[in-house]
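For reference, the chains in residue letters:
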Amino acid sequence: QLVLPEFNQVHLLLSESFVATEQYKLAYDQKKLYRDKHRDYRKHLKEQRLLKLNTKYETDLKLKENELLVSQHKLQSLQLSDAEKQSKSQFLNLVILFVTAIIFAVLLLRQLKIRSVLQKLSNTDSLTGLYNRRNLFEREISY
């Protein structure tokens with residue numbers, strides 16, 4: 001508190017009173033002391049303001065860094081969920097493709113079996129199991 005300007009006014013008043021009593025050397029010393037203390041006080045204020053600004057700037061910088069980290073985390077979370085969805089979609093497509101391939105293979109085997117049965121029925125008599133007339137004529141022509 002002794003550094004505050006109100007207390008420094010004492011030196012200024014003393015200087016004025018020494019000038020009134022024509023003690024100029026003491027007045028000069030008191031005036032110089034007043035200016036030195038006033039300069040120290042201004043320097044102290046400047047340092048405090050600078051400290052506050054630095055603290056505020058560092059706080060703002062940390063807040064901005066935190067916001068950046070949060071947004072990066074959100075972005076990574078979205079990318080991860082997107083990758084998971086894409087992986088699930090690929091797996092589902094693979095399962096659908098596999099099931100479709102199995103159904104196609106079963107239908108192909110069934111079609112081949114039906115074709116074989118139909119070919120046998122078209123070449124033989126269903127009651128006797130012998131070659132039918134058309135098949136006999138075709139075999140006769142090929143000899």
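Anything mentioned here points back to the structure above.
Residues numbered from 1 in each chain as written. Predicted model: local features only at pLDDT ≥ 70, side-chain atom pairs only at ≥ 80, totals over all residues. Heavy atoms only, no water.

Caption draft 1: Looking closely at the overall build of the protein chain. Looking only at helices and strands, the protein chain features three helices and zero strands. Starting at the N terminus, the α and β elements of the protein chain follow one another as α-α-α. Compactness check: the protein chain gives a C-alpha radius of gyration of 53 Å against a globular reference of 15 Å for 143 residues, more than 25% above the reference. Across its three principal directions, the C-alpha atoms of the protein chain cover 160 × 25 × 10 Å. In the protein chain, buried positions account for 8% of the 143 residues. Here the analysis covers contacts within the protein chain between residues at least 6 apart in sequence; of these, 22% occur between residues at least 24 apart. (Helix = DSSP H or I, 4+ residues; strand = E, 2+ residues; numbered from the N terminus. Rg over C-alpha atoms; globule rule 2.2 N^0.38 Å. Buried < 20%, exposed > 50% of the residue type's maximum accessible area, 1.4 Å probe, protein only. Contact = heavy atoms within 4.5 Å.)

Caption draft 2: A look at a nonpolar patch on the surface. A cluster of nonpolar residues, Phe91, Val95, Phe98, Val99, Ile102, Ile103, Val106 and Leu107, forms a patch on the protein surface that exposes about 750 Å² of accessible area. With respect to the secondary-structure elements, Leu107 resides in helix α2 (residues 24–123). (Patch = residues over 30% accessible without salt bridge, like charges linked within 9 Å, V, L, I, M, F, W, Y side chains within 5 Å. Areas by Shrake-Rupley, 256 points an atom, 1.4 Å probe, with all protein chains shown as cover. Salt bridge = Lys/Arg side-chain N within 4 Å of Asp/Glu carboxyl O.)

Caption draft 3: Representation of the pattern of salt bridges in the model. According to the stated counting rule, one finds four salt bridges in the structure shown. Lys62 is the partner of Glu65 in a salt bridge, and the nearest nitrogen-oxygen pair spans 3.9 Å. Residue Glu65 and its partner Lys62 are both found in helix α2; the two are separated by three residues, about one turn of the helix. Assessed through its relative accessible area of 36%, Glu65 is described here as partly exposed. Residue Arg134 is joined to Glu138 by a salt bridge in which the shortest nitrogen-to-oxygen separation is 3.0 Å. Taken as a pair, Arg134 and Glu138 lie in helix α3 (residues 133–142) at a separation of four residues, close to a single helical turn. Take Arg134: its relative accessible area is 43%, and that puts it in the partly exposed class. For Glu138, a relative accessible area of 43% translates into the label partly exposed.

Caption draft 4: Molecular detail of the side chain of Ser15. By the element assignment, Ser15 lies in helix α1 (residues 5–20). Taking relative accessible area as the criterion, Ser15 reaches 6% and is therefore assigned buried. In this structure, Ser15 is in contact with Ala27, Gln30 and Lys31, ignoring residues within four places of it in sequence.

Caption draft 5: A look at the packing of α1 against α2. Where α1 contacts α2, the two axes come as close as 7 Å, and the packing angle between them is 160°. As far as their axial angle goes, α2 and α1 are roughly antiparallel. Every pair of crossing elements has a handedness; the one defined by α1 and α2 is left-handed. On α2, the residues that touch Pro5, Asn8, Gln9, His11, Leu12, Leu14, Ser15, Phe18 and Val19 of α1 are Tyr24, Leu26, Ala27, Gln30, Lys31, Leu33, Tyr34, Lys37, His38 and Tyr41. (Axes fitted to C-alpha atoms, helices over the stretch in contact; angles between N-to-C directions. Parallel < 35°, antiparallel > 145°, perpendicular 65-115°, else oblique. Left-handed = near helix turned anticlockwise from the far one by under 90°.)

Caption draft 6: A look at α2. With 100 residues, α2 extends 145 Å between its outermost C-alpha atoms, agreeing within 8% with the 148 Å of an ideal straight helix rising 1.5 Å per residue. Elements in contact with the buried residues of α2: α1. (Expected span 1.5 Å × (residues − 1).)

Caption draft 7: Up close: the environment of Lys74. Within the secondary structure, Lys74 sits in helix α2. On a C-alpha basis, the gap between Lys74 and Lys62 in space is 18 Å, while along the polypeptide they are 12 residues apart.

The quantities given are spatial measurements derived from coordinates; they are silent on function.
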